[in-house]
Amino acid sequence: SKKSISPEKRRALMAKKYYKLFKRDTVIPLINEVNADLSYYGQITIGGQNFTVDFDTGSFDLWVPEIQCSSSQCGTHNRFDPAKSPTFVHSQNSNFSASYGAGITISGYRGHDTVIFGGISVINQTVGLALIDGFSNIYEEDGILGLSIPIDSTNPGIIQSIRTQKLLNQTLIGFHLGRYKLNATDKSYMNLGGIDSNAYVGNIVYNNLVSLSQYSGTWTITLGDAQVDGVSIGGVNSPALIDTGTPFILGNSTQVSKILAMIPGSSFINSTWWIPCSTKNVVSLVFNNISYRISPTELIITNNAIFPLSDSTCASAIQQSMYSGWVVGAAFLSNVYSVFDFDNSKIGFAETKAVLN
């Protein structure tokens, strides 16, 4: 007769067999929009319907276009049809609007539905459904999934829902934003609930969030300094929003002018900084006394749809901001592996390395 197996051993064998089903971290592939290293997006499912979204640490709301949004307002993007979702519920506080940079606005109404991404199902999640979409003719992705830190319990963001529903052992997100302009086979992806040690070199160094009330709920840390070819501009010491949804690096006009003045051939024309397309100068940003280099390739904007190019002059990825602080986007974040730790309210950086297809 076969030897009997104790209940404890049976459970251990079952756990080993189905380990992958119970694993609490996952990888979400991202698409490098127009291969310009400016914007990255991935796929989610809302109420059984597929959408592409920008995973945006600089905003709070999750929204996609709604079925009634006209082509003039929502372009050719996928639209959510409430009638086709068995889990959709209209929100009592139904009005929805959101504002982004450059005067872009979104408006429509709210609902609740099941959102799935990276194999994680978030039930009863607040979703904005856009009837007016200011992004419709700008970006490839359908909508935005905001990853700002949740501060409103009555209107929970998706990360707040993930924590409440205990869907991850660690509520953290890691980003590897591939640098197509340097290596066309460099993958882009987001780690949900874990860190990919193969995506970086050295150690991840963490930064505490700025505690000032005006930055509550945002991923804002202190930018200590900026350097050009290792030479400091004299100290920055400014709040900096770390924003995966922003292509550029936007900063204080005086400090940005100091940086660009140290790059030979730079010029400021029509409120835009321009630099030689062939520049070899290395700009670095300093966080927590660690200097992180920006590749010269990432310092130039090669997307003609955003800034027209000449034969020798390109727009700089570093531009002046209308705000007092800094906004640090993909032009920097593509040079680091970044970790957004919701449990400990910290942001970590390490030097990135190519992860090949």
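Just above, that's the structure.
Residues numbered from 1 in each chain as written. Predicted model: local features only at pLDDT ≥ 70, side-chain atom pairs only at ≥ 80, totals over all residues. Heavy atoms only, no water.

**Thoughts on the sheet that holds strand 11 (residues 189-192)**
So the rule is basically this: Note on pairing: DSSP must find at least two bridges between two strands before they are called paired. Per the convention used, a helix needs a DSSP run of H or I reaching at least four residues, while a strand needs a run of E reaching at least two, with both numbered from the N terminus. Each axis is a line fitted through C-alpha atoms, taken for helices only over the stretch in contact, and angles between the N-to-C directions span 0 to 180 degrees.
The 6 strands are arranged 1-11-10-25-26-12 in an open sheet whose pairing can be described as antiparallel. Among the strands making up the open sheet, the edge pair consists of strand 1 (26-29) and strand 12 (200-208). The mean inter-strand angle of the sheet, taken between neighbouring strand axes irrespective of direction, is 20°. In this structure, strand 1 lies alongside strand 11, joined through 4 bridges in antiparallel fashion. By the bridge assignment, Thr-26 is partnered in strand 11 with Leu-192.

**A few points about the state of the cysteines**
Definition in use: Throughout, disulfides are identified as pairs of cysteine sulfur atoms within 2.5 Å of each other. Working definition: with a 1.4 Å probe on protein chains only, accessible area under 20% of the residue-type maximum means buried, over 50% means exposed, and in between means partly exposed.
Under the criterion given, the structure shown has 2 disulfides. With a sulfur-sulfur separation of 2.0 Å, Cys-277 is cross-linked through a disulfide to Cys-314. Between Cys-277 and Cys-314 the disulfide shows an S-S torsion of about 105°. By sign, it is right-handed. On the criterion of sequence distance, the pair formed by Cys-277 in the loop between strand 18 (272-276) and strand 19 (283-287) and Cys-314 in strand 22 (residues 313-316) is long-range, its members being 37 residues apart. Look at Cys-314 and you get buried, because its relative accessible area is 2%.

**Some thoughts on the nonpolar core**
Defined as follows: Here, the term nonpolar core denotes a set of buried Ala, Val, Leu, Ile, Met, Phe, Trp, Tyr and Cys residues that are joined through side-chain atoms within 4.5 Å. Should any heavy atoms of two residues lie within 4.5 Å, those residues are counted as being in contact.
Counting residues in each nonpolar core, the largest one holds 75 residues, and the members touching the most others are Ile-44, Phe-55, Phe-117, Ile-242, Phe-287, Phe-332 and Phe-349. Once residues within four sequence positions are removed from consideration, Phe-55 is found in contact with Ile-28, Leu-30, Tyr-40, Gly-42, Gln-43, Ile-44, Phe-117, Leu-145, Leu-147, Phe-175, Met-190 and Thr-244.

**Digging into the sheet that holds strand 22**
Spatially, 4 strands are ordered 17-18-22-21 in an open sheet, and the strand pairing comes out antiparallel. Every other strand in the sheet has two partners, leaving strand 17 (267-269) and strand 21 (300-301) as the edge strands with one partner each. By the bridge criterion, 3 bridges tie strand 17 to strand 18 in an arrangement that is antiparallel. If you follow Ile-269 over to strand 18, its bridge partner there is Thr-272.

**Things to note about the packing of aromatic side chains**
Heads up, the condition is: Centres within 6.5 Å are what make two rings of Phe, Tyr or Trp a pair, Trp counting through its six-membered ring; a difference in plane orientation under 30 degrees is then read as stacked, over 60 as edge-to-face, and the rest as tilted.
Applying the stated criterion across every chain yields a total of 16 aromatic pairs. Aromatic side chains Trp-219 and Phe-342 sit 4.8 Å apart centroid to centroid with 90° between the ring planes, which places their arrangement in the edge-to-face category. Within this pair, whereas Trp-219 is found in the loop between strand 12 and strand 13 (220-228), its partner Phe-342 is found in the loop between strand 25 (336-341) and strand 26 (346-352), the two being separated by 123 residues in sequence. Note on accessibility: Trp-219 and Phe-342 belong to one class, buried. On the numbers, 5.6 Å between centres and 75° between planes, the contact of Tyr-292 with Phe-349 is edge-to-face.

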